[in-house]
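Letter by letter, the chains look like this.
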Amino acid sequence: REALSVELTQELRMELARCLTEHAIQLKASGHGDLQLFHEAIQACDSYAPAFFQLGVCYSEVNDSIKAKEMYRKAVQLHPGYVEALNNLGVACRELGEWEHAIEAYGMALKVNQNCSKTRENMAISLLQLGCRHLQRKELKEAGKALKQGLSFNSRNADIYFNLGVLYAEKEKWDQAKVNYELASNFDPRHANAHNNLGVIHRRLGNPEAAMKCFESALEVDSKMNLASKNLGAIYGSMGRMDDAIRLTRVAIDSNRQDAEAYNNLALLLRDQCDVDACLENLDICISLEPESRHAGSNRLMSLNYQSERSREEVFEAHRSWGSCVESSVSQVFSWDGARGNSGPLRVGYISPDFYSHSVSYFIHSALKYHDPAFVAVTCYSDVALEDDKTRQFKELVPQWRTICGRRDDEVAKLIYDDGIDILVDLTGHTGNNRLGVFARKPAPVCITWIGYPHTTGLTRMDYRISDEFADPKDAPGLTTEKILYLPECFLCYTPPETAPPVVLKPAQESYGCITFGCFNNLAKVSSLTIRMWSKLLHEVPGSRLFVKSKALACPKVQDKMRAAFAVHGIQASRLDLTGLQPQTGSHLHMYSFIDVALDTAPYAGTTTTCEALYMGVPVVTLKGRGIHAQNVGASLLSAVQLGDLVTETEEDFVKQAAACAKNLPRLAALRAGLRTRMLRSVLCDGPRHVARLERLYAGVISDLARSNTSALNIQESATGSLAEAQ
């Protein structure tokens, strides 16, 4: 220190700085570090780079990255080939989020020593972090460039492969995403996020078993991982493993009590096992955590339809209130003074997430197949996540197909508006993955809801709902914010699956020695009213059995709960045959051969299951509900195939008709032999006639729009040909 006050040559000053720096390093190693010595070394010789470097190390150790960066940069200025300083400068820049500067520093270090493993690893990490920043900003091209460059410095970095997987998933390049997630989990078997995301890809690609293994692997690494718990719970739920599904979803909730999605998932699992009250409780929690959650709001409305204790006014008001809130939250709404005035064919758009092997596909098939291209130009807006053969078949039937999966509601609405659509038809209502947010923006002059949901959407900007006089009698229509458009006879047209097995001609009671009633509906539809009514029927027909098939009944605990519900009404557990879903459509349909008479549910009747039963030669008995569309769909379907006597008005009538039908063996045999043919010849399966009526209805709406709409439109035509047979 005395030497600092003496005039020294540059060489001696450099030596003094070196001695002071080395002494400071020794003191620091012994636990007596003193920054002052490094500053004195710099005072002795301000061109001695190691002193600046060591001072930078000290600042780094106390997380002062700004001062550390300043010291490292000074060291590099004094000694441009100082690899350690360049490397540490890169680290300081990384700590400050200055990824480009970090990469520049590592690049300079590698020019001096391209084989330095530490520098190469740091370069890879910086490029990874730069890529992640681009990913967060949706700058996918830049992200890909940075991440791929990072691999050139470390080809075994699991996080780089993971983020490349995220990148390709954003681009919906699922196969490439899958490969990168596989590489991430290979280089780091404990990369829980890689296992989870790989599972998501497998599920999206239609491989649930592989997805399940991936989610299980993620949970082996982190047993309380929120995402993997939710995802595996969803897989188990789809398999009917309800107990496991609910347990895992509760684990997800325990790991994050603010996870609205987990409460939504739990609610749907509870609904699937017929616990609608608990479902609604969890949906209320979900909505309280995330008030803007459209899907949770729709799930709540859907669930209200299952409860026989609720008044129709209460259910309607919930829908209307939801619609009002959604419409008030939308900032951009297209305005219309009338029809577009397009020349040429009427432009009709159908929007749905269910253009695949889904229940809705059996009822939209005819509208796509038999549309008149000279009269109607059809555009399908498909929100299908996993396309299948049915999707590909539909694509071939229409002139224009647009994929909207992953796009925001406002983007989709603008697309529809730009396409010049005259009539936009919703096929989903409040069922899963709906696009009612698009309809709230009114992207077409006429908006219609049809097929997918048996109640109002609640939107005032949804102009019409298509129905018929059986589902919505004109003297007691369902409560709705939309005006009702009436199709003659039946508002639905069913296209049977090509894989349907032949009808088993012998009634079930002849094969199995007892009368068997049955229902293959969603278990949530088996309301307290339904259980009470079915129990009365079983008492009315001693020795008869009830066969119920539903996804959740694959779970023994759900079976026990169902048996207990019937036991309250004095029905022995031995009279109930309960089973889960069948994996294939053919095997599912074959199980109708085990049933003599199918029983409908109330207040939410079956639709696809009713058509399936009829197609397999099995009669269905249904209970009408005054002013409840959801309960009257069965009346529409049965009337269409001339089985109106099986449409009942009261519980007592339901029991009487079901018992009489089951005991009428000649009628059962005749229906087995001829119901499929009758159905195919009826209005219910007459695609060309149905679509001609539908498209005339569309034309009437557009014409009426020009004149100012009336409250309801109705097609009147003479009853000839197959129409007369259906009556």
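Conventions adopted
- Residues numbered from 1 in each chain as written.
- Predicted model: local features only at pLDDT ≥ 70, side-chain atom pairs only at ≥ 80, totals over all residues.
- Heavy atoms only, no water.
- Pairing = 2+ DSSP bridges.
- Helix = DSSP H or I, 4+ residues; strand = E, 2+ residues; numbered from the N terminus.
- Contact = heavy atoms within 4.5 Å.
- Axes fitted to C-alpha atoms, helices over the stretch in contact; angles between N-to-C directions.
- pLDDT = per-residue confidence, 0-100.
- Core = buried A, V, L, I, M, F, W, Y, C linked by side-chain atoms within 4.5 Å.
- Buried < 20%, exposed > 50% of the residue type's maximum accessible area, 1.4 Å probe, protein only.
- Salt bridge = Lys/Arg side-chain N within 4 Å of Asp/Glu carboxyl O.
- 1 Å grid on protein atoms, 1.4 Å probe; cavity = no way out; pocket = protein on both sides within 12 Å on 5 of 7 lines; lining within 4 Å.
- Points joined across faces, edges and corners; volume = space filled by probe spheres on them.
- Nonpolar A, V, L, I, M, F, W, Y, C, P; charged D, E, K, R; others polar.

### Considering the sheet that holds strand β11 (residues 597-599)
Now for step 1: Taken together, six strands build an open sheet; the order of strands is β10-β9-β8-β11-β12-β13 and the sheet is parallel. Among the strands making up the open sheet, the edge pair consists of β10 (576-579) and β13 (647-648).
Now for step 2: Relative to strand β9 (residues 545-549), strand β8 (residues 516-519) is paired through four bridges, and the arrangement is parallel. Among the inter-strand pairings, phenylalanine 517 is bridged to a residue of β9, identified as leucine 546.
Now for step 3: Strand contacts of helix α25 (residues 556-567): β9 and β10, with the helix running at about 150° to β10, the strand carrying the most contacts.
Now for step 4: Those strands touched by helix α29 (residues 651-663) are β8, β11, β12 (620-623) and β13, and its axis lies near 175° from that of β12.

### Some words on the confidence of the model for the chain
Now for step 1: Averaged over every residue, the pLDDT of the chain is 92; the share at 70 or more is 95%.
Now for step 2: Here residues 709-727 is a poorly scored stretch, pLDDT under 50, and it has 48 contacts once near neighbours within four places are set aside; other chains count.

### A word on the nonpolar core
Now for step 1: Within the largest apolar cluster, 133 residues are counted, with the highest numbers of intra-cluster contacts made by Tyr350, Phe355, Ile364, Trp450, Ile466, Phe517 and Tyr698.
Now for step 2: For this core, the element with the most residues is helix α15 (residues 260-272), which contributes seven residues.
Now for step 3: Setting aside residues no more than four positions away along its own chain, isoleucine 364 makes contact with Tyr350, Phe355, Phe394, Leu427, Trp450 and Ile451.
Now for step 4: Residues Ile42, Phe53, Val57 and Tyr59 belong to the second largest nonpolar core, which totals 42 residues.

### A word on the pattern of salt bridges
Pairing is possible between side chains of opposite charge, provided their charged atoms come close.
Now for step 1: Summed over the entire model, instances satisfying the criterion amount to 40 salt bridges.
Now for step 2: Residue aspartate 389 is joined to arginine 392 by a salt bridge in which the shortest nitrogen-to-oxygen separation is 2.8 Å. Of this pair, aspartate 389 and arginine 392 both sit in helix α20 (residues 389-397), three residues apart, roughly one helical turn.
Now for step 3: According to the relative accessible area criterion, arginine 392 is partly exposed, its value standing at 42%.
Now for step 4: Among the ionic pairs, arginine 667 bridges to aspartate 645, the shortest N-O distance being 2.9 Å. Taken together, the residues span a long stretch of sequence, with arginine 667 in helix α30 (residues 665-681) and aspartate 645 in the loop between α28 (629-640) and β13 at a distance of 22 residues.
Now for step 5: When its relative accessible area of 25% is taken as the criterion, arginine 667 is described as partly exposed.

### Describing the layout of surface pockets
Now for step 1: In this structure, the second largest pocket spans a volume of roughly 320 Å³.
Now for step 2: Elements represented by at least two residues in the lining of the second largest pocket include exactly α16 (276-289), α24 (528-540) and α25.
Now for step 3: Take the lining of the second largest pocket: its biggest share by element is three residues, from α25.
Now for step 4: Class assignment of the residues belonging to the lining of the second largest pocket gives a composition of eight nonpolar, five polar and four charged.

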